[in-house]
Amino acid sequence: MKRSRFPLLISVGVMLFFYLPIFLLVVGSFNDSRYGGPWRGFTLKWYERLLTERDIWAATENTLIIALVSTVVATCLGTIAAWVLHRYHGALQRTHYLFMYMPLVVPDILMGISLLLLFVNFSAKLGLTTITLAHITFCTSYVTLVVLGRLQDFDNNVVDAALDLGARWPRIIWNVILPMLGPGIASGALLAFTLSVDDFIITFFVCGPGSTTLPLYVYSSMKHGSPTIINALCTIFMAVTAIIVITGQFLMNRRQPVQQLRS
Amino acid sequence: MEHFIELRDICKSYGQQAAVCNATLELKKGEVFSLLGPSGCGKTTLLRILGGFQYPDSGRVIVNGQDITDLPANKRPINTVFQNYALFPNMTVWDNIAFGLRVARMTRKEINVEVDRMLELIDMQDHARKKPGEISGGQKQRVAIARALVNKPQLLLLDEPLAALDLKLRQRMLIELDNIHDEVGITFLYVTHDQGEAMSLSDRIAVMNNGSIEQIGSPVEIYEAPGSSFVAAFIGDTNFINGQVKEKIDHDYIRIELEEFNSVLAWNDKQLNPGERVDLSIRPEKFRLFRNKPEATPYMNAVEGTVEDIIYLGAQTKYWIRVGEKLVSVQQQHGRFLLDETPITWGENVWVCWHANDGYMLQRFDEEDASMLPLPPEEDLEDDEEAQ
Ligand SMILES: Nc1ncnc2c1ncn2[C@@H]1O[C@H](COP(=O)(O)OP(=O)(O)OP(=O)(O)O)[C@@H](O)[C@H]1O
Ligand SMILES: [Mg+2]
């Protein structure tokens, strides 16, 4: 029987739809033409320009600082929140869950405006601190939900067993709960990190002078500067992300125990 | 002497519903004590209160004369084998067993010695480096026992440790548990809803129903002298016969007028007087079936009935005999020397005989418990068979 070509066609179509823009971006970053457009020959000069552009380095630094701080804080807060929501079930917890869920469904633009109003009300100086605080709020929600998902198949008896064997809480948390939740917490943290690095809208509202992040920088260069240099920047960004994701996958796979058949 | 472990008037409810009420238990040092009862009767709740994972609403938990009701689980000299094992999935078998010793800050050398000794006891030396995900159910169970035992607790709690295993493995593990108990000699509190497990393992059994303890006694007492209709019906199979005391025959025996059929003799261990109501429980295997009326002997009961149904059980055969209004279940070995030459068949006229001592008077009788007993197969099924 002749196999239908239809599924293949669909796959190719979808792949093109997803990856053609990225492909064009990567190609564009090596194009010796100031405003993109037709191919003018291979060049690395955009990458060289990238290295010398001070603003980019400043923005990268800002982005990384914000992302790291908010990831660490959000992971801690989110994990604790998830544990509480998992362990106790009451009216208080239902409300807590609702609050945790809100930032996911509220439009970013609303979040941005309301946070801005809040900061202005407290006459806080807009800058790295306000951006970091804003990022912590929505990252915490994501971490909570991811870890809560992992907790669905967490056996509470294991904690009882540790108590039964005489362990105190610090040891139980460190030796029993965290190792079991490790993968969940790690994926929550990764998600938080990427969301923070990525965020434009909320950051846009709560940023101040001298706190330009990469997404903000990219946006403004697209409007006022050279788009080609952005192509180069994005290509590097993509390469770094790909390496991180692949390493993460590799580590996860290696840590999974070999499931043996029951004898 | 004071009892080793005492639970005094323990009550615990979840919202409106009482999970355990007024439970009082005393355990002796070194015995195997079982909590037996149907699902949801509060066994786990009672066990968790003893283990310190839950606190009772009222009542006291006393170990060695010391009140430990308010002591948290990690300070009690008690270890638990959980219903689903609850091994630490991220640790190897070896580390699982060593956990309690590490918590107790024993030296590395001592830990090595103790863990290896335990691994030998449960015969798992070859699997020490595996994770719980890589061993079988029976092996997990042994690791769970070792993990608890290695701490040398004064009391080991086991919550239906064999529930997840298949029949053959269950029987093997039961023997192993018994051996382990003989070897370490500590007190076991064993929770189960399987009467076979409880009977074969325990020195004493507490039968629970609806959150309260119905009876405490040795397996023989529980089976032969059930305190209530619930116990009689839950442990094994039985026939309930209700009637009124007609007369005292002598000091020990009475004649009972039954609602369903003729009057019978019974041992008067409750010292009832004429006119009082009486509820008898007679186990199916206490009866003997005869084709012809056997010669009367003192204290022998013989009633006439017809065979309504026969169920072949392999090792034994179960007969449903209609005696007057009542269906009586009778269990017999196949040996023909007790009967006549040919096996008894459907519709035959038979004599059901038993000794007056084989019926046991119940202190408490509840109609509802009688409905727990198995009923004979549907009548119309039988008709179908005859039609074929
Ligand atoms: N956390 C809880 N919240 C509310 N009710 C509960 C809780 N735990 C137990 N119960 C109720 O308490 C009663 C006793 O439960 P328990 O777990 O002690 O039963 P069990 O005898 O161990 O049953 P099984 O043999 O099925 O394990 C049950 O009716 C159950 O529904
Ligand atoms: Mg239970």
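Computed from a predicted structure; not experimentally measured.

Details of the nonpolar core
Now for step 1: Residues Leu151(A), Phe154(A), Ile172(A), Val176(A), Phe88(B) and Phe99(B) are the most contacted members of the largest nonpolar core, which totals 43 residues.
Now for step 2: For this core, the elements supplying multiple residues, two or more each, are helix H3 (54-87), helix H5 (108-121), helix H6 (128-151), helix H7 (156-164), helix H8 (169-198) and helix H9 (201-206) of chain A together with helix H2 (93-103) of chain B.
Now for step 3: With eight residues, H6(A) is the single largest residue contributor to this core.
Now for step 4: Apart from residues lying up to four places away in sequence, Phe88(B) is in contact with Val158(A), Ala161(A), Ala162(A), Leu165(A), Val176(A), Asn96(B), Phe99(B), Pro132(B) and Arg147(B).
Now for step 5: Grouped together as the second largest cluster of nonpolar side chains are 37 residues, Tyr85(B), Val150(B), Leu158(B) and Leu162(B) included.

A look at the site of ligand 1
Residues and elements named next belong to chain B.
Now for step 1: In the vicinity of ligand 1, the residues found are Tyr 14, Gln 17, Ala 19, Ser 39, Gly 40, Cys 41, Gly 42, Lys 43, Thr 44, Thr 45, Gln 83 and Glu 160.
Now for step 2: Measuring from an oxygen atom of ligand 1, one finds a side-chain N or O atom of Thr 45 at 2.5 Å.
Now for step 3: At 3.0 Å, a side-chain N or O of Glu 160 approaches an oxygen atom of ligand 1.
Now for step 4: Here ligand 1, which alone exposes 630 Å², has 62% of that area covered by the protein.
Now for step 5: Listed by contribution, the elements that provide at least two residues to the shell around ligand 1 are strand E2 (17-27) and helix H1 (43-51).

Here we look at the interface of chain B and chain A
Now for step 1: Across the boundary between the two partners, chain B contributes 26 residues, which contact 22 residues of chain A.
Now for step 2: In total, chain B and chain A occlude about 2100 Å² of area from one another, counting both sides; carbon and sulfur atoms represent 56% of this.
Now for step 3: On the chain B side of the interface with chain A, the three residues burying the most area are Asn74(B), Phe99(B) and Glu134(B), jointly 23% of the side's total.
Now for step 4: On inspection of chain B and its partner chain A, the count reaches one salt bridge.

Side note on the pattern of salt bridges
Residues and elements named next belong to chain B.
Now for step 1: The final tally for this structure, using the stated rule, is 16 salt bridges over all chains.
Now for step 2: Note that Glu 6 and Arg 8 form a salt bridge whose closest N and O atoms lie 3.2 Å from each other.
Now for step 3: With a relative accessible area of 9%, Glu 6 lands in the buried category.
Now for step 4: Between Asp 269 and Lys 270 there is a salt bridge; the shortest N-O distance is 3.3 Å.
Now for step 5: Classification of Lys 270 by relative accessible area gives partly exposed; the value is 25%.
Now for step 6: Overlapping salt bridges, with partners in common, bring together Glu 114, Arg 117 and Lys 152 in one network.

Observations regarding the domain arrangement of chain B
Residue and element names in this part refer to chain B.
Now for step 1: The domain architecture assigned to chain B consists of domain 1 (3-229) and domain 2 (230-387).
Now for step 2: Averaged C-alpha coordinates put domain 1 and domain 2 at centres separated by 38 Å.
Now for step 3: At the junction of the two partners, domain 1 supplies 19 residues and domain 2 supplies 18 residues.
Now for step 4: Both faces combined, the contact of domain 1 with domain 2 buries some 1600 Å², and carbon together with sulfur accounts for 58% of it.
Now for step 5: On the domain 1 side of the interface with domain 2, the three residues burying the most area are Tyr 223, Pro 226 and Ser 229, jointly 42% of the side's total.

Considering a nonpolar patch on the surface
All names here are of chain A.
Now for step 1: A grouping of Phe 6, Leu 9, Ile 10, Val 14, Met 15, Phe 17, Phe 18, Tyr 19, Ile 22 and Met 238 is seen on the molecular surface, where their side chains present a nonpolar patch of about 1000 Å² in accessible area.
Now for step 2: In terms of residue count, the dominant contributor to the nonpolar patch is helix H1 (residues 6-29) (nine residues).
Now for step 3: Mapped onto the fold, Met 15 is located in helix H1.

Here's the deal with the sheet that holds strand E5 (residues 66-67) of chain B
All names here are of chain B.
Now for step 1: The antiparallel open sheet is built from four strands, whose spatial order is E2-E1-E4-E5. The strands lining the two open edges of the sheet, one partner per strand, are E2 and E5.
Now for step 2: Bridge count for strand E4 (residues 58-63) against E5 is two bridges, and the pairing is antiparallel. Across the sheet, Ile 62 pairs through a bridge with Asp 67, a residue of E5.
Now for step 3: Its contacts with the sheet place H1 against strand E1 (5-14), E2 and E4, and it is angled at close to 120 degrees to E1.

Some points on the environment of Gly217(B)
Residue and element names in this part refer to chain B.
Now for step 1: Inspection of the secondary structure assignment puts Gly 217 in strand E10 (residues 212-217).
Now for step 2: Distance from Gly 217 to Ile 205, taken between C-alpha atoms, is 5.5 Å for residues twelve residues apart in sequence.
Now for step 3: Here Gly 217 is in contact with Arg 204, Ile 205 and Ile 222, once residues within four sequence places are set aside.

Section: helix H4 (residues 91-105) of chain A
Residues and elements named next belong to chain A.
Now for step 1: With 15 residues, H4 extends 21 Å between its outermost C-alpha atoms, agreeing within 8% with the 21 Å of an ideal straight helix rising 1.5 Å per residue.
Now for step 2: Restricting attention to buried positions, one finds in H4 the residues Gln 93, Met 100 and Pro 103. End-on view of H4: buried residues confined to an arc of 85 degrees, all on one side of the axis. Exposed and oriented more than 90 degrees from the buried face of H4 are Ala 91, Arg 94, Leu 98 and Val 105.
Now for step 3: Contacts made by the buried residues of H4 are with H3, H5 and H6.

Reading the values: rules and limits
Residues numbered from 1 in each chain as written. Chains lettered and ligands numbered in written order. Predicted model: local features only at pLDDT ≥ 70, side-chain atom pairs only at ≥ 80, totals over all residues. Heavy atoms only, no water. Core = buried A, V, L, I, M, F, W, Y, C linked by side-chain atoms within 4.5 Å. Buried < 20%, exposed > 50% of the residue type's maximum accessible area, 1.4 Å probe, protein only. Helix = DSSP H or I, 4+ residues; strand = E, 2+ residues; numbered from the N terminus. Contact = heavy atoms within 4.5 Å. Near = heavy atom within 4 Å. Polar contact = N/O pair within 3.5 Å; in protein donor to acceptor, adjacent residues only side chain to side chain. Areas by Shrake-Rupley, 256 points an atom, 1.4 Å probe, with all protein chains shown as cover. Buried area = accessible area lost by both parts, 1.4 Å probe. Salt bridge = Lys/Arg side-chain N within 4 Å of Asp/Glu carboxyl O. Domains from an automatic or database assignment. Patch = residues over 30% accessible without salt bridge, like charges linked within 9 Å, V, L, I, M, F, W, Y side chains within 5 Å. Pairing = 2+ DSSP bridges. Axes fitted to C-alpha atoms, helices over the stretch in contact; angles between N-to-C directions. Expected span 1.5 Å × (residues − 1). Arc of directions from axis to C-beta.

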